[in-house]
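Letter by letter, the chains look like this.
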Amino acid sequence: MRPTVIASEARYLAGNTLQPASQRHANRLNRHESRSHTMTDNNHHRSTIEVMESHVTVRRFTDEPITHDLLETLIQAGTRASTSSNMQGYTIISVTVPEHKKRLAALCADQQQIHESAAFLLFCADLHRLELCAQKHDVAYDDLGNTESFITAIVDVALVMENVAVAAESVGLGMCMIGSLRNFPFDVREVLGLPRYVVPVSGVCLGWPAEEHDSKPRLPLDAVWHRERYRDDEDLKRSIDAYDGIMAAFNDSQGRHPDNPRWSKVMCDVLDKMAQRTEIGRFAQEQGFNSQ
Ligand SMILES: Cc1cc2nc3c(=O)[nH]c(=O)nc-3n(C[C@H](O)[C@H](O)[C@H](O)COP(=O)(O)O)c2cc1C
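Residues numbered from 1 in each chain as written. Predicted model: local features only at pLDDT ≥ 70, side-chain atom pairs only at ≥ 80, totals over all residues.

Focus: unusual backbone geometry
Going by this rule: Helix and strand definitions here come from DSSP, where helices need a minimum of 4 consecutive H or I residues and strands a minimum of 2 consecutive E residues; each element is numbered from the N-terminal end.
The phi torsion at Tyr-197 lies on the positive side, around 70°, for a residue other than glycine. The topology assignment puts Tyr-197 in the loop between helix H9 (185–192) and strand E4 (198–207). Unlike most non-glycine residues, Asn-260 shows phi in positive territory, near 40°. Assignment of secondary structure puts Asn-260 in the loop between helix H11 (233–254) and helix H12 (263–276).

Let's talk about the site of the ligand
Convention followed: Think of it this way: take the backbone, place a C-beta atom on it, and check whether that atom is within 6 Å of the molecule or strand, in which case the residue is near it. Each residue receives one of three labels: charged for Asp, Glu, Lys and Arg, nonpolar for Ala, Val, Leu, Ile, Met, Phe, Trp, Tyr, Cys and Pro, and polar for the others, Gly being one of them.
Near the ligand you find His-55, Val-56, Thr-57, Arg-59, Gln-111, Cys-176, Met-177, Ile-178, Gly-179, Ser-180, Ser-202 and Lys-216, and these make up its full shell. No other element matches strand E3 (residues 174–178), which puts 3 residues into the shell around the ligand. Partitioned by chemical class, the residues of the shell around the ligand number 4 nonpolar, 6 polar and 2 charged.

Quick look at the pairing of strand E2 (residues 119–126)
We apply this condition: Partly exposed residues are those whose C-beta has more than 12 but fewer than 20 other C-beta atoms within 10 Å; 20 or more makes a residue buried and 12 or fewer makes it exposed, with C-beta atoms placed from the backbone. Here, strands pair whenever DSSP counts at least two bridges between them.
Among the 8 residues of E2, 8 are classified as buried, and the element is accordingly described as predominantly covered. Judged by which residues are buried, E2 turns out to be covered on both faces: Ala-119, Leu-121, Phe-123 and Ala-125 on one side and Phe-120, Leu-122, Cys-124 and Asp-126 on the other are all buried. Where strand E1 (residues 90–95) lies against E2, 6 bridges are found, and the strand directions are antiparallel. Bridging from a neighbouring strand, Val-95 pairs with Phe-120 of E2. Across 8 bridges, the pairing between E2 and E4 is antiparallel. Of the residues in E4, the one forming a bridge with Phe-120 is Cys-205.

Take a look at the structure:
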C-alpha cells in the first residue's frame, strides 16, 4: 500500500497555516472521535509541524488492532528518513503476538504499555547486512563495528524511529518509546534471534490512545539553541533555573509527583539510573561493536 498520508499531508501543508495550541487540542480530540483507522478515509490530516508540536507520550491504549497495511505504511514512511551513505544501518522487528510481547515486556521492566500496545516495534542498530555485503565481495574486516560505524548506525536508528513515530502520530496513533529494551540485551538477543552486529536500541509501543495528556514542556529554546557559538554557563544556569520552575508548575497543574522534585534533581536520578545499565556496553562489544 502506498503511504497516502504523505501525499495528503503535503496537500494539507500547502493550504494551511499553524493554529494555536487550544485549536490544535480541539482538532486532536475531534480527530480521535471521528477517526476511521484507515489512511484513505481520514479527513483530518494535520500539518507535519502540528503533529510534531502536539506530541505526547501515550502509555494507555485501547484493544483495537493496527492493520497490517497501516503498520506497513508507517514503517515504509519511516524508512524514508535520511540515512548515512544510504547505509540503512537499522532493523525494525514488529511484535504483535501477545505471548511474544509478554516475553519482551518481562525484559523491559514489565511496562504496562507494552502489553497494551497493538504493536511493539524493536529498533536495532544493524551492520549485519553490511557484513553480508562484504562477504559477497570477499572482503574481510577486522573492525567492522568501529566507533564511527556504531555511531552511524545509532543515528540511523534514531532517525527511522522518530520518523515512524511521527507517521504514527499523524494518523492519530499514540506511541511510547521503550529504552528499557537495553536492560537485558543478552536475553533480548536470545528472544529475537539477533545475529552479530545487531544491537537493540529502543522499542516503540504503538496503539490507539486510551488517554489524553497535556504536552510536557521542553527546555527554553535558548538552552538548546545556541547561535554562532556555545553559550556560557551563566546563561545555561539561568535556563535550567527557568525550566525547573516551568516543570514544577506543570507537575502541579497535572496533580502528579506530590513531592514535585526539580527537573535538575530528577536528571541526577536519571544519570544514576543510566550508570546502572551496564550490560549494554558489554553486549555491544560482544556483538562486535565499538571495540576500539
Ligand atoms: C529513547 C527513549 C526511550 C524511552 N523509554 C521510555 C520507557 O522505557 N518508558 C516510558 O514510559 N517512557 C519512555 N520514554 C518516553 C520519555 O519518558 C518521554 O519522551 C519524556 O518524558 C518526554 O515526555 P513526552 O514524550 O510526553 O513529551 C522514552 C523516550 C525515548 C526518546
